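What the coordinates show
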Amino acid sequence: MSQIAEYDRKLQALAPSDTGSSFQDTLARSAGIHPPLPEPPVVVNDTPDPWTKISLAVSSSFTADAEQDKGTSYSVGGSVYWGLNSVGGSFSNSSQSTDAARQMATSSIKVSFECMRVDINRGWLRGELFYDDGLKATKDK
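All of the points below concern the structure found in this document. (Residues numbered from 1 in each chain as written. Predicted model: local features only at pLDDT ≥ 70, side-chain atom pairs only at ≥ 80, totals over all residues. Heavy atoms only, no water.)

1. Brief notes about the pattern of salt bridges
So the rule is basically this: A pair is scored as a salt bridge if a Lys or Arg side-chain nitrogen falls within 4 Å of a carboxyl oxygen belonging to Asp or Glu. Segments assigned H or I by DSSP are reported as helices when at least four residues long, segments assigned E as strands when at least two residues long, and all are numbered from the N terminus. For each residue, the accessible area found with a 1.4 Å probe, counting protein chains only, is set against the maximum for its type, and the residue is called buried under 20%, exposed over 50%, and partly exposed in between.
Applying the stated rule across the entire model yields three salt bridges. Taking the shortest distance from any N to any O, the salt bridge between arginine 102 and aspartate 65 comes out at 3.1 Å. With arginine 102 in strand 2 (residues 85-115) and aspartate 65 in strand 1 (residues 52-82), the pair connects residues that are 37 residues apart, well separated along the chain. Taking relative accessible area as the criterion, arginine 102 reaches 68% and is therefore assigned exposed.

2. A closer look at the layout of surface pockets
In plain terms, the rule: Each cavity reported here is a set of points on a 1 Å grid over the protein atoms alone in which a 1.4 Å probe fits but cannot get out, each pocket an open set with protein on both sides within 12 Å along at least five of seven lines, and each lining residue one with an atom within 4 Å of a point. Grid points are joined across faces, edges and corners, and a volume is the space filled by probe spheres set on the points.
Quantified by volume, the largest pocket comes out at close to 400 Å³. Val43, Asn45, Met116, Arg117 and Asp119 are, among the twelve residues lining the largest pocket, the residues nearest its centre.

3. Here we look at the pairing of strand 1
Quick note on the threshold: Should DSSP find at least two bridges between two strands, the strands are taken to pair.
By the criterion of burial, strand 1 is predominantly exposed, with just zero of the 31 residues buried. Summarising the sheet, strand 1 and strand 2 pair through 31 bridges and their orientation is antiparallel. Across the sheet, lysine 53 pairs through a bridge with glutamate 114, a residue of strand 2.

So this is what it looks like as structure tokens:
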């Protein structure tokens, strides 16, 4: 039982004395880690609509027509009579051709949405865990 009481005293010594700081902050300070930055103040601006409207419209069309008509017609006839004999002949030719083609393609895409930036603050997430002096996002000039 005395060992449990000793652990309770050590726990009370580690616990923050003021109610404004948390147990994690006290442990972080004892390990030499700076306290987290305060929450940013809430800024109220007079922007009428925080939503950003994004819209995309793509349209495409293709049409091709082709038509061809041909027509030919021949007719020849004749006869010869001499006496009781007769000779006659006839020739006829008819040709017709029709070609038709039609192509059509249509595409249409419309995308529309609204988005907005949302800042999420988590007091328990320590930003210094992600800080690195050697990490550069852009090239040095």
